[in-house]
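Coordinate inspection notes
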Amino acid sequence: MNKPTPRINSQLREKYAGTTVRIAGKIHSYTGETAVLSTSDGGQVLVKLNDNSKWGSEYIEIIGRVEPDFSITEFDSLNLGNDFDLQLANKVVEYGQKFPEMFQ
């Protein structure tokens, strides 16, 4: 059975260094090999893209590993559309931290 993948925001990266996580955000900038996401808590995160990235919307969720420099190395991603509520996504992150047993 696979382990649950915690949903995080930019403030939680330090806690999850070396761990596979999910992080949602809006594409702030994109340079080919890296991108910057504006995350659900209003922070920004550098994402190191994989060769198969197929981002097709403004909002995405990255599944990846938090690196020692707190960037995220992308394993996979999900397009979340062009009208996604990041404040609501941040509430899910907060509740996942308070009640982790509900998200396993």
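So, here's what we can say about the structure. (Residues numbered from 1 in each chain as written. Predicted model: local features only at pLDDT ≥ 70, side-chain atom pairs only at ≥ 80, totals over all residues. Heavy atoms only, no water.)

Some thoughts on the nonpolar core
A general trend in soluble globular proteins is that nonpolar side chains are found buried together. The biggest cluster of nonpolar side chains holds 16 residues, and the ones touching the most others in it are I8, V47, W55, I62 and I72. Top contributing element to this core by residue count: strand β5 (residues 59-66), with 3 residues. Not counting the four nearest positions on each side in its chain, I72 is found in contact with V21, I23, V45, L46, V47, K48, I62, G64, R65 and V66. (Core = buried A, V, L, I, M, F, W, Y, C linked by side-chain atoms within 4.5 Å. Buried < 20%, exposed > 50% of the residue type's maximum accessible area, 1.4 Å probe, protein only. Helix = DSSP H or I, 4+ residues; strand = E, 2+ residues; numbered from the N terminus. Contact = heavy atoms within 4.5 Å.)

Here's the deal with the pattern of salt bridges
For side chains of opposite charge, pairing can occur when their charged atoms come near one another. Evaluation of the coordinates by the stated rule reveals 6 salt bridges. A salt bridge links K48 to D69; its shortest N-O distance comes to 3.5 Å. Remark: D69 occurs in the loop between β5 and β6 (72-81) and K48 occurs in strand β4 (residues 44-48); sequence separation between them is 21 residues. A residue is classified by how much of its surface remains accessible, and K48, at 30% relative accessible area, is partly exposed. Here R65 ties to E67 by a salt bridge, and the two come within 2.9 Å at their closest N and O atoms. Residue class for R65 comes out partly exposed when judged on its relative accessible area of 31%. Taken together, the salt bridges that share partners define one network made up of R7, R22 and E61. (Salt bridge = Lys/Arg side-chain N within 4 Å of Asp/Glu carboxyl O.)

Things to note about the environment of P4
Tracing the backbone shows P4 in the segment before β1 (7-8). Take P4: its relative accessible area is 41%, and that puts it in the partly exposed class. Remark: the alpha-carbon pair of P4 and P100, spanning 96 residues in sequence, is separated by 9.7 Å.

Here's the deal with a nonpolar patch on the surface
Where nonpolar side chains cluster on the molecular surface, the patch consists of V92, Y95, F99, M102 and F103 and spans about 490 Å² of accessible area. Secondary-structure assignment places F103 in the segment after α1 (86-98). (Patch = residues over 30% accessible without salt bridge, like charges linked within 9 Å, V, L, I, M, F, W, Y side chains within 5 Å. Areas by Shrake-Rupley, 256 points an atom, 1.4 Å probe, with all protein chains shown as cover.)

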